[in-house]
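A closer look at the structure
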Amino acid sequence: MAENPGTAIVMKTIFPVADMAEAVAFYRSLGFAVEQYDDGYAWVTHRGGEILHLGRVDTLDAAANHASAYVHVQDADAWHAGWTSDGIAATEVIDQPWGMREFTLTDPAGNLLRVGQNL
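Every residue gets a number counted from 1 within its own chain, in the order that chain's sequence is written. This being a predicted model, a pLDDT of at least 70 is required before a residue's local features are given, and a value of 80 or more before pairs of side-chain atoms are given or counted; all residues contribute to the totals for chains, interfaces and linings. Side-chain measures here rest on the full set of heavy atoms in the structure, leaving out hydrogens and waters.

**Overview of the overall build of the chain**
Secondary structure elements are defined from DSSP: runs of H or I of at least 4 residues count as helices, runs of E of at least 2 residues count as strands, and each element is numbered from the N terminus. Secondary structure assignment for the chain yields 2 helices and 8 strands. Each helix (α) and strand (β) of the chain, taken in turn from the N terminus, gives the series β-α-β-β-β-β-α-β-β-β. In terms of principal-axis extent, the alpha carbons of the chain reach across some 50 × 40 × 30 Å. In the chain, which comprises 119 residues, the share counted as buried stands at 34%. Contacts in the chain between residues at least 24 apart in sequence constitute 51% of all its contacts with a sequence separation of at least 6. For every accessible area listed, the method is Shrake-Rupley and the probe measures 1.4 Å; residues are considered covered only by the protein chains on display. Surface accessibility of the chain: about 7,400 Å² in total, with carbon and sulfur atoms responsible for 53%. The cut-offs for exposure are 20% and 50% of the maximum accessible area for each residue type, with area from a 1.4 Å probe on protein chains only; residues under the lower value are buried, those over the upper are exposed, and the others partly exposed. In this analysis, two residues are considered to be in contact whenever any of their non-hydrogen atoms come within 4.5 Å of each other.

Here it is in structure tokens:
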């Protein structure tokens, strides 16, 4: 195996979105900041750090979209309570057999966000 030349890797998920304005509004409704490069690309930040990117795909079928990302948080119940009290639809928070307490929500483009904390 070749030696890894770096000591750290930072990877960002790029979610496909059909309607950039709708996606920007959704992620802002979650309390995140969204910066748009243009009508086809944006990035979502939390406390000044990029957490994911949004790329427009004009032919996207939200019902067939299987993109997803896992968001690790310290208090899944607090995130869930904050979002659902603001009217964001999400599944219930449950303890999973793989050692996570988590819930999910889906953005308008069909991208799945699984949000969880270590048990």
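Still more to cover.
**Brief notes about the sheet that holds strand 2 (residues 33–38)**
Two strands are said to pair when DSSP picks up at least two bridges between them. The 4 strands are arranged 1-4-3-2 in an open sheet whose pairing can be described as mixed. The outermost strands of the open sheet, each flanked by one partner alone, are strand 1 (13–17) and strand 2. Between one strand and the next, the sheet's axes are offset by a mean angle of 25°, whatever the strand orientation. Sheet analysis places strand 2 next to strand 3 (residues 41–46), joined by 5 bridges and oriented antiparallel. Looking across to strand 3, one finds that Asp38 is bridged to Tyr41. Note on definitions: angles span 0 to 180 degrees between N-to-C directions of axes, and those axes are lines fitted to C-alpha atoms, for helices only across the stretch in contact. Along the sheet, helix 1 (residues 20–29) makes contact with strand 1, strand 2, strand 3 and strand 4 (49–56), crossing strand 4 at roughly 155°.

In short, geometric facts, not functional conclusions.
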